[in-house]
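# Structural description and commentary
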Amino acid sequence: MTAAPTSTVNPPATSAPTNGAGSAAARILTYAEAVREALAIALAADERVLLLGEDIGVYGGAFGVTGDLVHRFGPDRVRDTPISELGIVGAAVGAALVGMRPIVEIQFSDFTAQAMDQIANQAAKIHYMLGGAASVPLVLRAPGGSGTGAAAQHSQSLEAWFAHVPGLKVVMPATPADAKGLLLAAVDDPNPVIVLEHKLLYRQSGPVPAGAERTPLGVAAVRRRGADLTIVATGVMVSRALAAADQLATEGIAATVLDPRTLTPLDTATVLAEVAATGRALLVQEAPRTAGFMAEVAALVAESWAFAHLRAPVRRLCGLDVPIPYAPALEQAAVPQVPDIVAAATELVAQW
């Protein structure tokens, strides 16, 4: 008798809350330090790993993430590149095809637009088109999001672009621990992985396990659990959702905060279980509302067994469908802030 295929027809078991710090001894590091530590571990553990990107050498990276790695591992392993995103990613795809493990840094995620042919038509497709005879173990790191006054061409949230492309894995670390653990897991993966790091998170601190502990791809984290509604949030919106949940608690509203961590593959079992447990879902993203990733999560809930457990319509709280403004007040108004999450959650619970 063969085993039944995995399905989301029936409710799965739920997971315990986690802060992503793991079980190993942890120190307090910034998000940027955690990324650097993961890069150093990967470089030291495997001579096939090399870093490629603009100003990642002596300058230390546009956001200071690579730091002193060029002095520790040399310019052959930490390679400054010309200003050509198409060329950088193309070189990384070729290196991956001949057995290397390249990690690319794109200075701003917006600039991946220059390299989308290599990302979407080459890296994502080669394994399939060659019948599994070749793989592309490429990691592409890209800072994204608003909040730094970098305006419309340097502040976008483009995760839906990448999640739409079959063959790519997409992760959005929200904590320093996951910034390290998910990156190490991405380096191990034989598939191309896009790691989207929010610029505002680089200076945020948190517990990070020592050693080389991995955060598995495709496993969500329940950051907080409550009975009244489930807030699903990604990237910087996770910390804002947690701050909102603290405020909601003072008003007698208990919120679950769920961080998918990996968009593709998405941990559908945990998402559905946590939404069904509260019967209300508030889906929060920084990216514009139209065709955003949270629309996919809403559709997932609507098409699943969890739909029968809803006590209210699924609600999305998203960025406006506008380019990110330069003016600070307008920039903040263009994407959800903590008060917006509090207001949306309060309304959802009060009306339904």
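Above: the structure in question.
A quick note: this is a predicted structure, and the numbers were derived from the prediction, not measured. (Residues numbered from 1 in each chain as written. Predicted model: local features only at pLDDT ≥ 70, side-chain atom pairs only at ≥ 80, totals over all residues. Heavy atoms only, no water.)

## A look at the overall build of the chain
For the chain, the count of helices and strands is 12 helices and 14 strands. In summary, the chain has a C-alpha radius of gyration of 20 Å against a globular reference of 20 Å for 352 residues, a match within 12%. Buried positions account for 54% of the 352 residues belonging to the chain. Taking the contacts inside the chain whose residues are at least 6 apart along the sequence as the reference set, 84% of them involve residues at least 24 apart. In the structure as shown, the chain presents an accessible area of about 14,700 Å², 58% of it carried by carbon and sulfur atoms. (Helix = DSSP H or I, 4+ residues; strand = E, 2+ residues; numbered from the N terminus. Rg over C-alpha atoms; globule rule 2.2 N^0.38 Å. Buried < 20%, exposed > 50% of the residue type's maximum accessible area, 1.4 Å probe, protein only. Contact = heavy atoms within 4.5 Å. Areas by Shrake-Rupley, 256 points an atom, 1.4 Å probe, with all protein chains shown as cover.)

## What about helix 8 (residues 236-250)?
End to end, helix 8 covers 23 Å across 15 residues, agreeing with the expected 21 Å (1.5 Å per residue, within 8%). Residues of helix 8 that are buried: Val-236, Met-237, Val-238, Arg-240, Ala-241, Ala-244, Ala-245 and Leu-248. Elements that come into contact with the buried residues of helix 8 comprise strand 7 (193-198), strand 9 (221-224), strand 10 (229-233), strand 11 (255-259), strand 13 (281-288) and helix 12 (338-351). Positive backbone phi, approximately 85 degrees, marks Gly-252, located one or two places after helix 8. (Expected span 1.5 Å × (residues − 1).)

## Some words on the pattern of salt bridges
Per the counting criterion, the structure on display carries 15 salt bridges. Note that Glu-105 and Arg-141 form a salt bridge whose closest N and O atoms lie 2.9 Å from each other. Placement of Glu-105 in strand 4 (residues 101-105) and of Arg-141 in strand 5 (residues 139-144) is noted, with a sequence separation of 36 residues between them. Arg-141 shares its class with Glu-105; the two are buried. Note that Glu-347 and Arg-315 form a salt bridge whose closest N and O atoms lie 3.3 Å from each other. Placement of Glu-347 in helix 12 and of Arg-315 in strand 14 (residues 315-319) is noted, with a sequence separation of 32 residues between them. Taking the relative accessible area as the measure of exposure, Arg-315 reaches 27% and is therefore partly exposed. If you follow the salt bridges from partner to partner, you end up with Asp-178, Arg-223, Asp-259 and Arg-261 in one network. (Salt bridge = Lys/Arg side-chain N within 4 Å of Asp/Glu carboxyl O.)

## Concerning the side chain of Thr-270
For Thr-270, the position within the fold is in helix 9 (residues 268-278). Classification of Thr-270 by relative accessible area gives buried; the value is 11%. Here the side chain of Thr-270 touches Asp-267 through a polar contact of 2.8 Å, side chain to side chain. (Polar contact = N/O pair within 3.5 Å; in protein donor to acceptor, adjacent residues only side chain to side chain.)

## As for the sheet that holds strand 11
Pairing within the open sheet is mixed, and its 5 strands lie in the order 9-11-10-13-14. Whereas interior strands pair on both sides, the edge strands pair on one side only; in this sheet they are strand 9 and strand 14. Taken over all neighbouring pairs, the strand axes of this sheet differ in orientation by 25 degrees on average, direction set aside. When strand 10 meets strand 13, the two strands line up parallel, connected through 4 bridges. Each residue of the ladder has a partner; that of Thr-230, found in strand 13, is Ala-281. Contacting strand 9, strand 10, strand 11 and strand 13, helix 9 crosses the sheet at an angle of about 170 degrees to strand 11. Its contacts with the sheet put helix 12 on strand 10, strand 13 and strand 14, and the angle it makes with strand 13 is roughly 150 degrees. (Pairing = 2+ DSSP bridges. Axes fitted to C-alpha atoms, helices over the stretch in contact; angles between N-to-C directions.)

## Examining the sheet that holds strand 3 (residues 78-80)
Pairing in this open sheet of 7 strands is mixed, and the strands run 3-2-4-5-7-6-12 from one edge to the other. The open sheet has two edge strands, strand 3 and strand 12 (262-264), and neither has a second partner. Averaged over all neighbouring strand pairs, the angle between strand axes comes to 20 degrees, with direction disregarded. Where helix 1 (residues 31-45) meets the sheet, it contacts strand 2 (49-53), strand 3, strand 4, strand 5 and strand 7, and its direction lies at approximately 135 degrees from that of strand 2.

## Considerations on unusual backbone geometry
The step from Thr-264 to Pro-265 runs through a cis peptide bond, and the omega angle for that step is 0 degrees. Backbone geometry places Ala-151, a non-glycine residue, at a positive phi of 70 degrees. Looking at the secondary structure, you find Ala-151 in the loop between strand 5 and helix 6 (159-163). Overall, Ala-151 belongs to the partly exposed group, its relative accessible area being 22%. Phi at Arg-261 takes a positive value of approximately 65 degrees, unusual for a residue other than glycine. Along the chain, the position of Arg-261 falls in the loop between strand 11 and strand 12.

## Quick word on the environment of Ser-84
Position of Ser-84 among the secondary structure elements: in the loop between strand 3 and helix 3 (85-97). Expressed as a C-alpha distance, the spacing of Ser-84 and Ala-115, which sit 31 residues apart in the sequence, is 8.4 Å.

## Focus on the packing of aromatic side chains
Summed over the entire model, instances satisfying the criterion amount to 4 aromatic pairs. An aromatic cluster is built from Tyr-31, Phe-63, Phe-108, Phe-111 and Tyr-202, whose rings are joined through pairwise contacts. (Phe/Tyr/Trp six-rings, centres within 6.5 Å; stacked < 30°, edge-to-face > 60°.)

## What about the nonpolar core?
Leu-51, Leu-183, Leu-229, Ile-231, Leu-282 and Val-284 are the most contacted members of the largest nonpolar core, which totals 60 residues. A per-element tally of this core places helix 1 first, with 9 residues. When residues no more than four places from it in sequence are discounted, the contact partners of Leu-229 are Ile-253, Ala-254, Ala-255, Thr-256, Thr-278, Arg-280, Leu-282, Ala-345, Leu-348 and Val-349. Core analysis: the second largest hydrophobic core is formed by 51 residues, Leu-50, Ala-96, Leu-138 and Leu-168 among them. (Core = buried A, V, L, I, M, F, W, Y, C linked by side-chain atoms within 4.5 Å.)

## Brief notes about the packing of helix 3 against helix 4 (residues 116-123)
Where helix 3 contacts helix 4, the axes come no closer than 8 Å and their chain directions differ by 25 degrees. Put simply, helix 3 runs roughly parallel to helix 4. For the pair helix 3 and helix 4, the contacting residues are Leu-86, Val-89, Gly-90 and Val-93 in the first and Gln-118, Ile-119 and Ala-123 in the second. Among the residues forming the contact of helix 3 with helix 4, the class breakdown is 5 nonpolar, 2 polar and no charged. (Parallel < 35°, antiparallel > 145°, perpendicular 65-115°, else oblique. Nonpolar A, V, L, I, M, F, W, Y, C, P; charged D, E, K, R; others polar.)

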